[in-house]
Amino acid sequence: NLRIRRRGKSGRVLILSVEGSVQTLKLFGELHIRRALAESTMPSSFFVVDYEGGKIKVTGGGWGHGVGLCQLGAVAMANDGKTLNDILAFYYPGAELSKG
């Protein structure tokens with residue numbers, strides 16, 4: 001069984017228990033969890049676990065760091081001619097830019 005023990009504010013899994021017939025292993029931290037569940041690192045620890053027909057199903061909820069901006073999406077928008085202000089307005093509607 002996979003049991004999500006703790007999520008961060010962004011919804012990403014921070015502590016995951018992997019329960020076997022002989023022992024239980026607790027994984028701490030997004031990177032360790034992502035590396036343990038996939039041959040090549042999973043793009044995110046934002047996922048849910050379901051059980052279907054005796055199998056464990058892990059469904060991902062996205063890519064990235066959980067701060068609201070997809071780097072690949074921003075690059076695609078820039079390649080389509082969008083400006084920095086266009087991209088930031090898309091990802092952070094209502095935010096205002098100012099010089100610090």
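Reading guide: rules and limits
- Residues numbered from 1 in each chain as written.
- Predicted model: local features only at pLDDT ≥ 70, side-chain atom pairs only at ≥ 80, totals over all residues.
- Heavy atoms only, no water.
- Patch = residues over 30% accessible without salt bridge, like charges linked within 9 Å, V, L, I, M, F, W, Y side chains within 5 Å.
- Areas by Shrake-Rupley, 256 points an atom, 1.4 Å probe, with all protein chains shown as cover.
- Salt bridge = Lys/Arg side-chain N within 4 Å of Asp/Glu carboxyl O.
- Buried < 20%, exposed > 50% of the residue type's maximum accessible area, 1.4 Å probe, protein only.
- Pairing = 2+ DSSP bridges.
- Helix = DSSP H or I, 4+ residues; strand = E, 2+ residues; numbered from the N terminus.
- Axes fitted to C-alpha atoms, helices over the stretch in contact; angles between N-to-C directions.

Quick notes on a nonpolar patch on the surface
For step 1, the next point in the chain: A cluster of nonpolar side chains, namely Tyr51, Ile56 and Val58, defines an oily patch on the protein surface of about 260 Å² accessible area.
For step 2, the next point in the chain: Taking relative accessible area as the criterion, Ile56 reaches 42% and is therefore assigned partly exposed.

Some details on the pairing of strand E3 (residues 24–28)
For step 1, the next point in the chain: As paired elements, strand E2 (residues 13–19) and E3 share five bridges and run antiparallel to each other. Paired with Leu16 across the two strands is Leu27, which belongs to E3.
For step 2, the next point in the chain: A loop of four residues connects E2 with E3, the two strands running antiparallel in sequence.

Details of the pattern of salt bridges
For step 1, the next point in the chain: Using the criterion set out here, one finds three salt bridges in the structure.
For step 2, the next point in the chain: With a closest N to O distance of 2.8 Å, Glu19 and Arg3 form a salt bridge. Residue Glu19 is located in strand E2, and its partner Arg3 is located in strand E1 (residues 2–7); the two are separated by 16 residues in the primary sequence.
For step 3, the next point in the chain: Salt-bridge contacts for Lys57 lead to Glu52; the nearest nitrogen and oxygen are separated by 3.5 Å.
For step 4, the next point in the chain: Among the residues examined, Glu52 registers a relative accessible area of 46% and is labelled partly exposed.
For step 5, the next point in the chain: One connected set of salt bridges, linked through shared partners, spans Arg3, Arg5 and Glu19.

Re the sheet that holds E1
For step 1, the next point in the chain: The three strands lie next to each other as E1-E2-E3, forming an open sheet whose pairing is antiparallel. This sheet does not close on itself; its edge strands, each paired only once, are E1 and E3. Averaged over all pairs of adjacent strands, the angle between strand axes in this sheet comes to 20°, irrespective of strand direction.
For step 2, the next point in the chain: One ladder, built from five bridges, connects E1 with E2; its direction is antiparallel. Each residue of the ladder has a partner; that of Arg7, found in E2, is Val13.

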